[in-house]
Amino acid sequence: MNRLRRALVASASLVLLAAGATAATTATATTDKHPSQPKPTIVLVHGAFADGSSWNEVTEKLQRDGYQVVVPANPLRGPGSDSSYLTGVLAGIPGPKVLVGHSYGGAIITQLASAPDVKALVYVAAFVPQAGETVGGLNAKFPGSEINADTTNTITYAGGADLVMRPEAFRTVFAADLPRSEQSLLGASQRPIAAAAFTEPIAKSAPAALPKYAIVPSGDKAIAPAGELWMAQRAGAKIVKVEGASHLVMISHPGTTTKLIEKAATN
């Protein structure tokens, strides 16, 4: 009787082991069939009259959510030169990437859109140009931009001329919805842009099939909101409007900006 009981127990154990092995094999096969995809690296490209610090709050939020973030220094010398430099930056970033451009940075990510492993573009209060267009021409297409001779100063030097926003104009044109102390800090630390950058034609359009997203702040006085909306719609971008936000919407509304970037990264 004991011998029979031991035989039955041994048989049951073999059945359980076989079932466990089958389940493990099935689980492995399922995992192999649908491997988890790595999160893309988020590349944040700043625009004219700004630097990488304008992305600080968005960067912190993205990093907290587990994303690798790269915030390169955009040289602000012109679309061709800047795109060439940032192509080198992207070459050193392995895996999938989401490119995010603010203002003039939108023109740059458009030219970088064909780089390897770019999975989406996000335009934040940005230009969304097509081949042959210029940033200056697009900014004059709709009324509302207050970047002009009255709000900028020209810095001349042996190699050319740069433009910089006058401090008092920076507050209202770029940062009307930020605290005055922050307006003053950003205006004092702004980076000039080559004047020629506004008249240099864009070399190529972004691929039509590449997913695109755009934030349009209704209080923007650097780029006319109507122009931003028109460019984003023309590109087929998914659009988020932020009522009352200034040109520096990623600083005044970092949560909204981060949410859209993460949507682009996960879709």
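Please read these numbers as outputs of a predicted model, since none were measured by experiment. (Residues numbered from 1 in each chain as written. Predicted model: local features only at pLDDT ≥ 70, side-chain atom pairs only at ≥ 80, totals over all residues. Heavy atoms only, no water.)

S.K.: What am I meant to see in the sheet that holds strand β9 (residues 238–242) here?
M.R.: Strand pairs in the sheet, formed through backbone hydrogen bonds, run parallel or antiparallel to each other. The 6 strands lie next to each other as β2-β1-β3-β4-β8-β9, forming an open sheet whose pairing is parallel. Looking at which strands have only one partner, the edges of the open sheet turn out to be β2 (69–70) and β9. Sheet analysis places strand β8 (residues 212–217) next to β9, joined by 5 bridges and oriented parallel. Residue pairing across strands places Pro217 opposite Val242, the latter belonging to β9. The strands touched by helix α4 (residues 105–112) are β1 (41–45), β3 (97–102) and β4 (118–124); relative to β3, the strand with the most contacts, the crossing angle is about 150 degrees. (Pairing = 2+ DSSP bridges. Helix = DSSP H or I, 4+ residues; strand = E, 2+ residues; numbered from the N terminus. Contact = heavy atoms within 4.5 Å. Axes fitted to C-alpha atoms, helices over the stretch in contact; angles between N-to-C directions.)

S.K.: I keep staring at the pattern of salt bridges and nothing clicks. Help me out?
M.R.: Oppositely charged side chains are able to pair whenever their charged atoms sit close together. Summed over the entire model, instances satisfying the criterion amount to 2 salt bridges. Of the charged contacts, one joins Asp162 and Arg77 as a salt bridge, the two residues approaching to 3.2 Å between their closest N and O atoms. Separated by 85 residues along the polypeptide, Asp162 in strand β6 (residues 160–165) and Arg77 in the loop between β2 and α3 (79–91) bring together distant segments of the chain. Its relative accessible area of 10% is what places Asp162 among the buried residues. (Salt bridge = Lys/Arg side-chain N within 4 Å of Asp/Glu carboxyl O. Buried < 20%, exposed > 50% of the residue type's maximum accessible area, 1.4 Å probe, protein only.)

S.K.: Please clarify how the sheet that holds strand β5 (residues 152–157) should be interpreted in this entry.
M.R.: Spatial strand order, β5-β6-β7: 3 strands in an open sheet with antiparallel pairing. Single-partner strands in this sheet number two, and they are β5 and β7 (193–194). Sheet topology note: the β6/β7 ladder contains 2 bridges and is antiparallel. Pairing of Asp162 across the sheet is with Ala194, part of β7.

S.K.: Got a minute to help me understand empty space enclosed by the protein in this structure?
M.R.: One simple way to see leftover space: roll a probe sized like a water molecule over the atoms. Here the structure, examined in full by the defined rule, presents 2 cavities of 30 Å³ or more. The computed volume of the largest cavity comes to approximately 80 Å³. Along the walls of the largest cavity sit 13 residues, with Ala48, Ser103, Phe127, Ile147 and Phe198 positioned nearest its centre. A breakdown of the residues in the lining of the largest cavity according to their chemical character gives 10 nonpolar, 3 polar and no charged. Of the volumes computed, that of the second largest cavity is approximately 60 Å³. Surrounding the second largest cavity, Phe49, Ala50, Asp51, Ser53, Ser54, Phe170, Leu186, Ser189, Gln190 and Leu248 form its lining. In the lining of the second largest cavity, the residues fall into 5 nonpolar, 4 polar and 1 charged. (1 Å grid on protein atoms, 1.4 Å probe; cavity = no way out; pocket = protein on both sides within 12 Å on 5 of 7 lines; lining within 4 Å. Points joined across faces, edges and corners; volume = space filled by probe spheres on them. Nonpolar A, V, L, I, M, F, W, Y, C, P; charged D, E, K, R; others polar.)

S.K.: Explanation requested: helix α2 (residues 56–64) in the structure shown.
M.R.: At 3.6 residues per turn, the α-helix brings residues three or four places apart onto the same side. Buried residues of α2: Val58, Thr59 and Leu62, and no others. The buried residues of α2 occupy an angular sector of 100 degrees when projected down its axis, which confines them to one face. For α2, the elements touching its buried residues are β1, β2, α9 (249–252) and α10 (254–266). A positive backbone phi angle near 95 degrees is found at Gly66, which sits one or two residues after α2. (Arc of directions from axis to C-beta.)

S.K.: Please clarify how the environment of His247 should be interpreted in this entry.
M.R.: Structurally, His247 can be placed in the loop between β9 and α9. As for His247 and Ser218, which are separated by 29 residues in sequence, their C-alpha atoms are 8.8 Å apart. Non-local contacts of His247, meaning those with residues more than four positions away in its chain, are made with His102, Ser103, Ala125, Val173, Phe174, Asp220, Ala222, Ile223 and Glu228.

S.K.: Hey, could you run me through the packing of α3 against α4 in this one?
M.R.: Any two packed helices are characterised by the angle at which their axes cross and by the distance between the axes. Between α3 and α4, whose axes approach to 9 Å, the crossing angle comes to 60 degrees. Judged by the angle between their axes, α3 and α4 are oblique. Handedness of the α3/α4 crossing: right-handed. On the side of α3, the interface is formed by Pro79, Gly80, Asp82, Ser83, Leu86, Thr87 and Leu90, while α4 contributes Ile108, Gln111 and Leu112. (Parallel < 35°, antiparallel > 145°, perpendicular 65-115°, else oblique. Left-handed = near helix turned anticlockwise from the far one by under 90°.)

S.K.: It is not clear to me how helix α8 (residues 225–234) should be interpreted in this structure. Could you clarify?
M.R.: Looking only at α8, the buried set comprises Gly227, Glu228, Leu229, Met231 and Ala232. Of the surrounding secondary structure, the elements contacted by the buried residues of α8 are α5 (135–139), β8 and β9. Directly after α8, the chain includes Gly236, whose backbone phi takes a positive value near 75 degrees.

S.K.: So what exactly am I meant to see when it comes to the pairing of β6 here?
M.R.: Strand residues, when the strand is regular, have side chains that alternate between the two faces of the sheet. With 6 bridges joining them, β5 and β6 adopt antiparallel strand pairing. The residue bridging Asn153 from the neighbouring strand is Val164, located in β6. Connecting β5 to the antiparallel partner β6 that follows it, the hairpin turn spans 2 residues.

S.K.: Just to check I follow, could you spell out the environment of Val58 for this structure?
M.R.: As for its position among the elements, Val58 is in helix α2. Val58 sits in the buried class, given a relative accessible area of 1%. When neighbours within four sequence positions are excluded, Val58 is seen to be in contact with Leu44, Met250, Pro254, Thr257, Thr258 and Ile261.

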